[in-house]
Amino acid sequence: MGGVAQRLFGGVFPVFGWAGGLSGAGLLDLFEARLKRFKPLLAPPLVAMVLATNVAEYMGLIIAVHLFTGVPLDVAAVFALVDVVLSASLPTGGLSSRGLLGGLWPWWRLASWSSCGL
Amino acid sequence: MALGSVVSRLPEGAAVVAATIMPHALLLHSHLTHGMDRSVHMWQTLANLLGASAINASMQIMAATALFGRAVDLGEAPAILEPLFGGLAAFLFSVALFAASLSASAVSVEAGVLVFLYATGRRFPAAAARLTARLVNVAPALAALHLGASPVEVLVYTQYVLSLVLPVVMAAAVRRSRRMLGAAGRAAALAGTVFVTAMDLYSFVAG
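Residues numbered from 1 in each chain as written. Chains lettered and ligands numbered in written order. Predicted model: local features only at pLDDT ≥ 70, side-chain atom pairs only at ≥ 80, totals over all residues.

Undergrad: Outline the packing of helix α3 (residues 23–32) of chain B against helix α6 (residues 87–120) of chain B, supporting the account with residue identities and numerical values.
TA: Residue and element names in this part refer to chain B. Two elements in contact, α3 and α6, have axes separated by 9 Å at closest approach and are oriented at 75°. One element, α3, and the other, α6, form an angle in the roughly perpendicular class. On the side of α3, the interface is formed by His-24, Ala-25, Leu-27, Leu-28 and His-31, while α6 contributes Val-107, Ser-108, Glu-110, Ala-111 and Leu-114. (Axes fitted to C-alpha atoms, helices over the stretch in contact; angles between N-to-C directions. Helix = DSSP H or I, 4+ residues; strand = E, 2+ residues; numbered from the N terminus. Parallel < 35°, antiparallel > 145°, perpendicular 65-115°, else oblique. Contact = placed C-beta atoms within 7 Å.)

Pasting the structure below:
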């Protein structure tokens, strides 16, 4: 399902990106400003969401380290903490940070640098 | 393969929808787009999605060729790929999985920081917030592993939790953004919300 769903629903990223960009605020800022009375209803599922996704990504990393290095899962779980170091050390909004996030690499800036001969 | 792409077992089906749309990424994306030119943002996003779709399609074609009809755990994939496509394919699979995991992990941590900020209303130093957002999940994840849960099982069920939250995030976003989205955007976002909600309801009934 992943491939088809990605093609169908990849469109929501430009849509919500526009919403964020046009309003000058992220969706959570908008929730805070305009849906404040729903905050007690919205916050718990959002926290559950990030807890679930963080566990999932950590599991993915454990499997990846296990496959990459061949070490047992228990040991891979320790090595997988490398993402903690990376996450904590990269500057917010910096090129390396955006590169790690992957989806919003500022290609146009690279193009402008290359056109300046840098 | 096309049929298999849209019809799958539950809760895996709902989990894959959540893993693909990623509600936490929707939230983070809207925060990262501040100050970006609208057309640059659109073309950049479309280019990234096109690249991701090409990689996704190549993975599905490869999996359909090599793994069709086999019950395979993710951990066995390189060992199966090696005799079929060579050692380089198995190595590249592991490298790609590792890189993708690091990137996905960074996205989830950044989204976690934003949500904790929203939920608590307090701003913390970036490094401390990221460390907290990540480390708070290490204990339950390790406990699940020690209790004998398969990492892939944990992956699937945590993504299923995401799929349950997805309609909440999308519905709130659509409600808030309806004036900005325009008719086409509103229809697309609403259709996505309805589809995901239907998948969740179906998974409750069928699963």
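Undergrad: Would you mind going over the nonpolar core in detail, with residue names and values included?
TA: By size, the foremost hydrophobic cluster in this structure holds 60 residues, and its most contacted members are A:Met59, A:Ile62, B:Leu27, B:Ala111, B:Leu114, B:Val165 and B:Val169. Listing elements by their share of this core, those giving two or more residues are α3 (27–34), α4 (39–69) and α5 (73–79) of chain A together with α3, α5 (77–85), α6, α7 (126–146) and α8 (151–206) of chain B. Sorting elements by how many residues they give to this core places α4(A) first, with 15 residues. Residues lining this core come from more than one domain, with at least three contributed by each of domain 1 (1–34) and domain 2 (37–87) of chain A. The residues touching B:Leu114, leaving out its near neighbours within four places in the chain, are A:Leu28, B:Leu27, B:Leu28 and B:His31. (Core = buried A, V, L, I, M, F, W, Y, C linked by C-beta atoms within 7 Å. Buried ≥ 20, exposed ≤ 12 C-beta atoms within 10 Å, placed from the backbone. Domains from an automatic or database assignment.)

Undergrad: Explain helix α4 (residues 38–67) of chain B to me, using residue names and the numbers behind them.
TA: All names here are of chain B. With 30 residues, α4 should cover 44 Å at 1.5 Å per step; its first-to-last C-alpha distance of 42 Å lies within 8% of that length. Turning to α4, its buried residues are His-41, Gln-44 and Thr-45. Following α4 by one or two positions, Gly-69 has its phi on the positive side, about 85°. (Expected span 1.5 Å × (residues − 1).)

Undergrad: If you had to explain the packing of α4(A) against α7(B) to someone new, which residues and values would you point to?
TA: For the pair α4(A) and α7(B), interaxial distance at closest approach is 9 Å and the crossing angle is 70°. In this view, α4(A) runs roughly perpendicular relative to α7(B), as classed from their interaxial angle. Contacts between α4(A) and α7(B) involve A:Leu51, A:Asn54, A:Val55, A:Tyr58 and A:Met59 from the first element and B:Ala133, B:Arg134, B:Asn137, B:Val138, B:Pro140 and B:Ala141 from the second.

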